Amino acid sequence: MKEERFDVVVVGAGPAGSVTARKAAEQGLDVLLIERDQVIGVPVRCGEGVSNRIKQFVTIDKRWICVEVKGANIYSPDSTRVVMAGEKMDEVGYVLDRPLFDRFLASNAARAGAEIRIKTEAYGIIKENGYVKGVNIRCASENENKRVYADVVVGADGVESLVGRLADINTRLRPSDMCVCAEFLMCDIEINKEYSEFFLGSEVAPKGYAWIFPKGDDYANVGVGISGDVSGEGHHAIDYLKVFAKNKFPTGKIIAEMCGAVPVCGPISESVADGIVLVGDAAWQVNPLTGGGILYAMRAAEIAGGVVVKAVQENDLSKKRLSEYDRKWRSEFGERLEIGLKAKEFFFNLSDKDLNALAHSLVGVEIHELSTDALLLELVKRNPEMLEELVKHFIS
Ligand SMILES: Cc1cc2nc3c(=O)[nH]c(=O)nc-3n(C[C@H](O)[C@H](O)[C@H](O)COP(=O)(O)OP(=O)(O)OC[C@H]3O[C@@H](n4cnc5c(N)ncnc54)[C@H](O)[C@@H]3O)c2cc1C
């Protein structure tokens, strides 16, 4: 089998992989970024919604923005509406064009000097003396397998990371640890063009929610995510989605359909081992309450890129050295993921009656921020007994 050598090999060209690859390449490392699909960013497995915190990572480029969102409407089972963000505010979030966005991030990695190979899948890892030393890859275009040696392997290969598992990092998820989703891209529908909309209730999406994210004109992402442990024959996410879409948009047209899963179980116990780091969905860096992971993936990738560069320069690829990455991302947003998990466990086990009661407590309340923290804060203020478990995190 042919052999190659790089300083860093990054598996997966989603946001986590492309940002890590760019950071490492910018500092002069020899980086290979591989993606098994033939088009980066396709297929889309995402609602494509992000808050305006995205500006911390990239300069907004209208080419990959479909819509600037002014706020969100959340509907309880009895259709009580909770509004986040006021009409006078500027954009508080965006609906992205993920194929263009992911390609933009990958192009930045390429411009920084990373080598990118599409249609190239990691199917095994190389281990020597307990250290991960590279990956075995299958290149579909050349119909050839190769051994790629690297000082560090970055597992940015998404939910249930294969490279993480092969490196003996526990990335396995139980059904209840996952939100399983189905989404249609629909057109010819009447939508709120400036607000993302969320719908709660056991009939719409048990232990989850349905969403409508505007994509411009008469287009929207219409999706349903439910907890993996309530999914089954005849009541998969796609079954709920078909009913939801039909009720909301009886004459709407479906342009695309996709299914996917998100880890919603809070922080992974380990994101590094000797010679390897996991980033993004591979490291469960997703808000368990919302299922949003794009911005966490990008921030973790920035941290990972920086630590990987230092570890390679110091020629210390040990788990101990790479743990700097683990410590940093946990101290920045580990607690947010823990709170998200507590909030998810609380809200997704409420009856429809209780969800309605919480929504009623927010009627007339203006929440001027598109963030789960702002929403939870208002809820605990008005329902301290019901939300006893969450109170300590929000009221000091
Ligand atoms: C239905 C759905 C809706 C969502 N909606 C939102 C949302 O609105 N907002 C939000 O912030 N988040 C959302 N998410 C979560 C978000 O999509 C992820 O958190 C984000 O994509 C994580 O980025 P990543 O780079 O870690 O992983 P990914 O984007 O999943 O990228 C992983 C890449 O690795 C590649 N890969 C996998 N295995 C291999 C291999 N062996 N070899 C080579 N390549 C490999 C894959 O092809 C993929 O391109 C949603 C997820 C789903 C499923």
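Below is a summary of the structure that appears in this document. What you are looking at is a predicted structure, and each value in this text was computed from that prediction instead of being measured. (Residues numbered from 1 in each chain as written. Predicted model: local features only at pLDDT ≥ 70, side-chain atom pairs only at ≥ 80, totals over all residues.)

1. A look at the overall build of the protein chain
No. 1: Secondary structure assignment for the protein chain yields nine helices and 18 strands.
No. 2: Here the C-alpha radius of gyration of the protein chain, 21 Å, is about what a compact globule of 396 residues would show, namely 21 Å.
No. 3: Along the first, second and third principal axes, the C-alpha set of the protein chain runs to 60 × 50 × 45 Å.
No. 4: Here the protein chain, with 396 residues, has 51% of them falling under the buried criterion.
No. 5: Taking the intrachain contacts of the protein chain between residues at least 6 apart in sequence as the baseline, contacts between residues at least 24 apart amount to 69%. (Helix = DSSP H or I, 4+ residues; strand = E, 2+ residues; numbered from the N terminus. Rg over C-alpha atoms; globule rule 2.2 N^0.38 Å. Buried ≥ 20, exposed ≤ 12 C-beta atoms within 10 Å, placed from the backbone. Contact = placed C-beta atoms within 7 Å.)

2. What to know about the site of the ligand
No. 1: Around the ligand, the structure places 38 residues, and the nearest of them are G12, G14, G260, G280 and G293.
No. 2: Among the secondary structure elements, those contributing two or more residues to the shell around the ligand are α1 (15–26), β3 (49–51), β9 (120–128), β12 (178–187), β16 (253–263) and α5 (294–313).
No. 3: When grouped by side-chain class, the residues that make up the shell around the ligand number 17 nonpolar, 12 polar and nine charged. (Near = placed C-beta within 6 Å. Nonpolar A, V, L, I, M, F, W, Y, C, P; charged D, E, K, R; others polar.)

3. With respect to the nonpolar core
No. 1: Counting 130 residues, the largest nonpolar core has V8 and V279 as its most contacted members.
No. 2: Sort the elements by how many residues they give to this core and α5 lands first, with 13 residues.
No. 3: Among all residues touching V279, those that are not within four sequence positions of it are A16, T20, V154, A156, A297, A300, A301 and A304. (Core = buried A, V, L, I, M, F, W, Y, C linked by C-beta atoms within 7 Å.)

4. Some thoughts on the pairing of strand β14 (residues 209–216)
No. 1: Among the eight residues that make up β14, seven are buried, leaving the element largely enclosed by the rest of the structure.
No. 2: Taken together, the three bridges between strand β13 (residues 195–199) and β14 define a ladder with antiparallel strand orientation. Looking at β14, one finds that E197 is bridged to I212.
No. 3: Alignment of β14 against strand β15 (residues 219–227), held across seven bridges, turns out to be antiparallel. Looking at β15, one finds that A210 is bridged to V224.
No. 4: Counting the residues in the hairpin turn of β14 and β15 gives two residues, including D217, whose phi is positive at 50°. (Pairing = 2+ DSSP bridges.)

5. Some words on unusual backbone geometry
No. 1: Omega for the peptide link from V42 to P43 comes to 0°, which places this bond in the cis form.
No. 2: A positive phi angle, near 50°, is found at N143, a position not held by glycine.
No. 3: Among the structural elements, N143 can be located in the loop between β10 (131–139) and β11 (144–155).
No. 4: Here the phi dihedral of D168 falls at roughly 70°; this positive angle occurs in a residue that is not glycine.
No. 5: Along the chain, D168 turns up in the loop between α3 (162–166) and β12.
No. 6: Looking at D168, the number of C-beta atoms within 10 Å reads 14, which means it is partly exposed.

The values are spatial; any link to function lies outside them.
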